[in-house]
Amino acid sequence: MDSPHEILGVDPGADDDEIREAYRRRVIETHPDQGGSVEAFKLVRAAYEAIESDEALEPRDVDTADGVDDQPVSAETTVEYLSHAVLDDHGWALDDADLFEKAADADLGPVDHGTFVVEPGESLLEAAESRGWAWPYACRGGACANCAVAVAEGDLSQPVDHVLSTDLLDRGFRLSCNGIPVTDELKVVYDVKHLPGLDELRLPPYPFELAHADD
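Values in this document were obtained by computation on a predicted structure and should not be read as measured data.

**Some points on the overall build of the chain**
Part 1 of the reasoning: Per the secondary structure count, the chain includes eight helices and seven strands.
Part 2 of the reasoning: Looking at the chain as a whole, 48% of its 215 residues qualify as buried.
Part 3 of the reasoning: A sequence separation of at least 24 residues applies to 68% of the contacts in the chain between residues at least 6 apart.
Part 4 of the reasoning: For the chain, the computed accessible surface area is about 10300 Å², with 47% contributed by carbon and sulfur atoms.

This is how it looks when you write it as structure tokens:
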């Protein structure tokens, strides 16, 4: 069986940046929507996790950047969400200070605006899915921006992020696939993957349908 380094196509002595870039490249190459297979896709993720574990790679930590690295995970978080898809229809901007107040007054449908509770230890994406929502995602491993959200209030602890630049982090973008809420309340705009700076960090969706699971 090939070693984890052989699966990613890097030398055993490769540094952290080389390994992360190889992981992202191989995730794209093996993605089922790019002609790959589920088995190959999972193998690449397992290879990266093995290298990360054995060599103690340090993924970029959003907590440290935000100064909340010592903040405990919230016991329970109430999330208010808003779909970016409705902003243009109403002439709203992502940085509007009263964006969520406008959304509440507009009486949007539950796919576009609503609330749910995140239990301790759940990622934001896991919580959305367990409540019946199909939010965007692809790799679930911090290697793409498909699952990105814009945080308007509150914060997420981000243990694994291999794609978001410091500028994107400073603008409030986070990855929902592994982002764990660290505040009692959280307001996020989801489905922002097409925005400048995030668009080029996307992978083909696997799978993704913007609809309620029961529809």
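**What about the nonpolar core?**
Part 1 of the reasoning: Counting residues in each nonpolar core, the largest one holds 41 residues, and the members touching the most others are Leu82, Phe116, Leu124, Trp135, Val188 and Leu198.
Part 2 of the reasoning: Not counting residues up to four positions away in its chain, the partners in contact with Leu124 are Val79, Phe116, Val118, Trp135, Val149, Leu156, Ser176, Gly179, Leu186 and Val188.
Part 3 of the reasoning: With 18 residues, the next largest nonpolar core counts Ala14, Phe41, Val44 and Ala143 among its residues.

**Considering the pattern of salt bridges**
For side chains of opposite charge, pairing can occur when their charged atoms come near one another.
Part 1 of the reasoning: All chains considered together, the criterion is met by ten salt bridges.
Part 2 of the reasoning: Asp98 is the partner of Lys102 in a salt bridge, and the nearest nitrogen-oxygen pair spans 3.5 Å.
Part 3 of the reasoning: Judged by its relative accessible area of 26%, Lys102 is partly exposed.
Part 4 of the reasoning: When the shortest N-O distance is used, the salt bridge between Asp167 and Arg171 registers 3.2 Å.
Part 5 of the reasoning: Within the structure, one salt-bridge network assembled from shared partners comprises Asp96, Asp98 and Lys102.

**Concerning the side chain of Thr30**
Part 1 of the reasoning: Along the chain, the position of Thr30 falls in helix H2 (residues 16–30).
Part 2 of the reasoning: Here the side chain of Thr30 touches Arg26 through a polar contact of 2.8 Å, landing on its backbone oxygen.
Part 3 of the reasoning: Ignoring sequence-local partners within four residues, the contact set of Thr30 consists of Gly36, Ser37, Ala40, Phe41 and Val44.

**Re the packing of aromatic side chains**
Part 1 of the reasoning: Overall, the coordinates contain seven aromatic pairs when judged by the stated rule.
Part 2 of the reasoning: A centroid spacing of 6.1 Å and a plane angle of 65 degrees characterise the contact between Tyr81 and Tyr190, whose relative ring orientation is edge-to-face. Here Tyr81, found in strand S1 (residues 77–83), pairs with Tyr190, found in strand S7 (residues 185–190); they are 109 residues apart in sequence, far enough to count as distant. Here the two residues Tyr81 and Tyr190 agree in accessibility, since each one is buried.
Part 3 of the reasoning: Among the aromatic residues, those joined into a ring-pair cluster are Tyr81, Phe116, Trp133, Trp135 and Tyr190.
Part 4 of the reasoning: Lying across the ring of Tyr137, Arg140 places its NZ or CZ 3.9 Å from the centre.

**With respect to the pairing of S1**
Part 1 of the reasoning: Buried residues dominate S1, accounting for six of its seven residues.
Part 2 of the reasoning: Pairing of S1 with strand S2 (residues 113–118) involves six bridges; the strand directions are antiparallel. From the neighbouring strand, Thr78 faces S2, where its bridge partner is Val117.
Part 3 of the reasoning: Sheet topology places S1 next to S7; six bridges connect them, and they run parallel. Among the inter-strand pairings, Val79 is bridged to a residue of S7, identified as Leu186.

**Describing a negative patch on the surface**
Part 1 of the reasoning: A cluster of acidic residues, Asp11, Asp15, Asp16 and Glu18, forms a negative patch on the protein surface.
Part 2 of the reasoning: Considering the arrangement of structural elements, one finds Asp16 in helix H2.
Part 3 of the reasoning: Using a relative accessible area of 30% as the deciding quantity, one classes Asp16 as partly exposed.

**Thoughts on the sheet that holds S2**
Part 1 of the reasoning: The sheet built from five strands is open, its strands ordered S2-S1-S7-S3-S5 with mixed pairing. Each having just a single partner strand, S2 and strand S5 (173–175) make up the two edges of the open sheet. Averaged over neighbouring strand pairs, the angle between their axes works out to 35 degrees when direction is ignored.
Part 2 of the reasoning: Alignment of strand S3 (residues 148–153) against S5, held across three bridges, turns out to be antiparallel. Bridged to Val149 within S5 is Arg174.

Rules used throughout
- Residues numbered from 1 in each chain as written.
- Predicted model: local features only at pLDDT ≥ 70, side-chain atom pairs only at ≥ 80, totals over all residues.
- Heavy atoms only, no water.
- Helix = DSSP H or I, 4+ residues; strand = E, 2+ residues; numbered from the N terminus.
- Buried < 20%, exposed > 50% of the residue type's maximum accessible area, 1.4 Å probe, protein only.
- Contact = heavy atoms within 4.5 Å.
- Areas by Shrake-Rupley, 256 points an atom, 1.4 Å probe, with all protein chains shown as cover.
- Core = buried A, V, L, I, M, F, W, Y, C linked by side-chain atoms within 4.5 Å.
- Salt bridge = Lys/Arg side-chain N within 4 Å of Asp/Glu carboxyl O.
- Polar contact = N/O pair within 3.5 Å; in protein donor to acceptor, adjacent residues only side chain to side chain.
- Phe/Tyr/Trp six-rings, centres within 6.5 Å; stacked < 30°, edge-to-face > 60°.
- Lys NZ or Arg CZ within 6 Å of the ring centre and 35° of its normal.
- Pairing = 2+ DSSP bridges.
- Patch = residues over 30% accessible without salt bridge, like charges linked within 9 Å, V, L, I, M, F, W, Y side chains within 5 Å.
- Lys, Arg positive; Asp, Glu negative; His and termini not counted.
- Charge placed at Lys NZ, Arg CZ, Asp CG, Glu CD.
- Axes fitted to C-alpha atoms, helices over the stretch in contact; angles between N-to-C directions.

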